[in-house]
Amino acid sequence: MSVSCSNEGCDEVLSESDVKHREIELCRFKTTTCDDCGKKMPHHKYGAHDCVLRRDVDEMKKDLAEMKVTQHEMMNEMREGMQRITIAIEKLEKSSQNVAMNVVNSMNSDMVVIGGLDLEDKVLSSVERFNFFNQTWKPLAELKIGRYSAAAVVFAKQILVCGGFISDSSDATDSIEVLDLSVHPPTWQEFAVNLPIKVADHQCVVYGNRLLIIGGKKTKKRKSLDVIYELLLVPPYSSKLLCHMKKKRIYHGVELFDDKVLIAGGQETGNDVEIFDITRNECVEMPPLPSPLWGMATVRRDDTMLLIGGYDNEENTSNEIIEYDFKSGQSKVLMVMEKDGVDWFAVHSSNTLVVISVGDTDAMDCFNFLSYSWKQLPSATQTRLFACAVVVNNSECQNSESQFFCCCG
């Protein structure tokens, strides 16, 4: 009989005859008690425990005291010992700060879902917010005009929802709606200017005070675009065409890395990847993805892009998370998710990845990179397709609650 390991945080499933041995001897999540302070913790965290580090420091001090060497050699050994002590203390302080910061960042985030399409292809203007601290959903002000297949970004304490399709029109819109987070209560308003083109199924990033509009299409039936436009988000709100990409792209992934934009996949592009150099206004080809991919969610994590879910050329759904290194162009399957979906969007903050999949059963799951484990979160009250996401920290707005934004488009 197959049974699950009973240690908290462990997902291993073993035969009944093996599970006891693993729980007590082999499992990295088994409970370990510190002999000095009596604190209980998972075994894999014991090596970074304060008492263990303190014993290491004490042992180094003892070693220095027992050495019988000349005065010159003793001084050198003492210097090296002090350096090791300093490094150990710095690591301990940094580890404590990182853990505290991760907790603060996670609790300081909300997720807001905006507009989109319901399962009956109705265009939605409704907006709802998920609070990570109390794990509840709450309705917010509605969009002035419902839209889907849009793109959203954060700029100067504002959420900008750009382009997309509205109502049953076959043409994309060039309008921009903005939610000012410094105003309470925030309401959606028309932005000062429109996009330089009517576009949907595109991607946008903010670089300084400039909005970059990447790929997309102008109508539902029209083929994809290979253009990258720029819109200045401050007066005089000028716009211009920056360059043409190597490939035409829709349903592609885009992430900003300093002054470069990594652009991957797409419905008509297969597994092609390229980088747009903002300072030089040119695109450079990169090593391809492991396989063709489009319609996936993407997030940036350190120097990598994570590509989550999506479809292949035969429109088979994927439940893989692919990690693509921005600097080397190397890629690999980071993990395989347990759940399947037909539409994905995701957000990443600190060491937490939140993935939302729409399918037979809507699911919102949170992955913690520190414990390397998944946790299911309550689903939104409204099913929505074609979503994108942005993150807003509490310190960036005057409202009493931070906001973690997710807009369906």
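Please read these numbers as outputs of a predicted model, since none were measured by experiment.

### So, the sheet that holds strand β22 (residues 320-325)
Right, so step 1: Strand order in this open sheet of four strands is β20-β21-β22-β23, and the pairing throughout is antiparallel. Where the open sheet ends on each side, the last strands, each with one partner, are β20 (297-301) and β23 (331-336). For this sheet, the mean angle separating the axes of adjacent strands, direction not counted, is 25°.
Right, so step 2: In terms of strand pairing, strand β21 (residues 304-308) meets β22 through five bridges, oriented antiparallel. Following the sheet pairing, Leu-306 is matched in β22 by Glu-323.

### A look at the side chain of Lys-217
Right, so step 1: Here Lys-217 shows up in the loop between β13 (210-214) and β14 (225-232).
Right, so step 2: Within the local environment of Lys-217, its side chain forms a polar contact with the side chain of Asp-201, the two groups lying 3.5 Å apart.
Right, so step 3: Engagement of the side chain of Lys-217 in a polar contact is seen with the backbone oxygen of Lys-220, the distance being 3.3 Å.
Right, so step 4: Not counting residues within four places of it along the chain, the set of residues in contact with Lys-217 comprises Phe-165, Ala-172, Lys-198, Val-199, Ala-200, Asp-201, Arg-222, Lys-223, Ser-224, Leu-225, Ile-250 and Tyr-251.

### Let's talk about unusual backbone geometry
Negative phi is the rule for most residues except glycine; trans is the rule for most peptide bonds.
Right, so step 1: Of note, the amide linkage connecting His-184 to Pro-185 takes the cis form, showing an omega dihedral of -5°.
Right, so step 2: Geometrically, the link from Pro-235 to Pro-236 is a cis peptide bond, its omega value of 10° lying close to zero.
Right, so step 3: By secondary structure assignment, the location of Pro-236 is in the loop between β14 and β15 (239-249).
Right, so step 4: You will see that Tyr-237, though not glycine, has its phi angle at about 55°, which is positive.
Right, so step 5: In this structure, Tyr-237 sits in the loop between β14 and β15.
Right, so step 6: Residue Tyr-237 is classed as partly exposed on the basis of its relative accessible area of 26%.

### A few points about the sheet that holds strand β9 (residues 158-162)
Right, so step 1: Here we have four strands laid out as an open sheet, ordered β8-β9-β10-β11, and antiparallel in their pairing. Looking at the sheet topology across the chains shown, the edges are occupied by β8 (151-155) and β11 (188-190). Averaged over all neighbouring strand pairs, the angle between strand axes comes to 30°, with direction disregarded.
Right, so step 2: In the sheet, β9 pairs with strand β10 (residues 176-180) via five bridges, with the strands oriented antiparallel. For Ile-159, the partnering residue across the bridge sits in β10 and is Leu-179.

### As for the pairing of strand β24 (residues 343-349)
Right, so step 1: Most of β24 is tucked away: seven of the seven residues are buried.
Right, so step 2: A two-sided burial pattern is seen for β24, the buried positions comprising Asp-343, Phe-345, Val-347 and Ser-349 on one face and Trp-344, Ala-346 and His-348 on the other.
Right, so step 3: With seven bridges joining them, β24 and strand β25 (residues 352-358) adopt antiparallel strand pairing. For Phe-345, the partnering residue across the bridge sits in β25 and is Ile-356.
Right, so step 4: As consecutive antiparallel partners, β24 and β25 are separated by two residues, and within that stretch Ser-350 has a phi angle of approximately 55°, a positive value.

### What to know about a negative patch on the surface
Right, so step 1: Taken together, the side chains of Asp-56, Asp-58, Glu-59, Asp-63 and Glu-66 make up a negatively charged region of the molecular surface.
Right, so step 2: For Asp-63, the location among the structural elements is in helix α2 (residues 50-66).

### Quick look at the packing of aromatic side chains
Right, so step 1: Scanning all chains against the criterion turns up nine aromatic pairs.
Right, so step 2: Ring geometry for Phe-130 and Trp-137: centres 5.1 Å apart, planes at 50°, overall tilted. Trp-137 carries the same exposure label as Phe-130, and that label is buried.
Right, so step 3: Ring geometry for Phe-367 against Phe-369: centres 4.9 Å apart, planes inclined by 85°, an arrangement best described as edge-to-face. Neither residue differs from the other here; Phe-367 and Phe-369 are each classed as buried.
Right, so step 4: In textbook terms, an aromatic cluster arises when at least three aromatic residues are bridged by ring pairs, as seen for Phe-367, Phe-369, Tyr-372 and Trp-374.

### Considerations on the pairing of strand β27 (residues 373-377)
On any regular strand, side chains alternate: one points to one face of the sheet, the next to the other face.
Right, so step 1: Pairing analysis gives five bridges linking strand β26 (residues 363-368) to β27, with the strands arranged antiparallel. Bridge pairing links Asp-365 to Gln-376 in β27.

### Some thoughts on the pattern of salt bridges
Right, so step 1: Summed over all chains, the structure comprises 12 salt bridges.
Right, so step 2: Here Glu-177 makes a salt bridge to Arg-147, at a shortest N to O gap of 3.5 Å. On the criterion of sequence distance, the pair formed by Glu-177 in strand β10 and Arg-147 in the loop between β7 (136-140) and β8 is long-range, its members being 30 residues apart. Arg-147 carries the same exposure label as Glu-177, and that label is buried.
Right, so step 3: Note that Glu-230 and Arg-210 form a salt bridge whose closest N and O atoms lie 2.5 Å from each other. Note that Glu-230 is positioned in strand β14 and Arg-210 in strand β13, a separation of 20 residues in sequence.

### Considering the state of the cysteines
Right, so step 1: Counted under the stated rule, the structure contains zero disulfides.
Right, so step 2: The closest cysteine sulfur to the non-disulfide-bonded Cys-5 is located on Cys-10, 3.8 Å from its own sulfur.

Calculation criteria
- Residues numbered from 1 in each chain as written.
- Predicted model: local features only at pLDDT ≥ 70, side-chain atom pairs only at ≥ 80, totals over all residues.
- Heavy atoms only, no water.
- Pairing = 2+ DSSP bridges.
- Helix = DSSP H or I, 4+ residues; strand = E, 2+ residues; numbered from the N terminus.
- Axes fitted to C-alpha atoms, helices over the stretch in contact; angles between N-to-C directions.
- Polar contact = N/O pair within 3.5 Å; in protein donor to acceptor, adjacent residues only side chain to side chain.
- Contact = heavy atoms within 4.5 Å.
- Buried < 20%, exposed > 50% of the residue type's maximum accessible area, 1.4 Å probe, protein only.
- Patch = residues over 30% accessible without salt bridge, like charges linked within 9 Å, V, L, I, M, F, W, Y side chains within 5 Å.
- Areas by Shrake-Rupley, 256 points an atom, 1.4 Å probe, with all protein chains shown as cover.
- Salt bridge = Lys/Arg side-chain N within 4 Å of Asp/Glu carboxyl O.
- Lys, Arg positive; Asp, Glu negative; His and termini not counted.
- Charge placed at Lys NZ, Arg CZ, Asp CG, Glu CD.
- Phe/Tyr/Trp six-rings, centres within 6.5 Å; stacked < 30°, edge-to-face > 60°.
- Disulfide = S-S within 2.5 Å.

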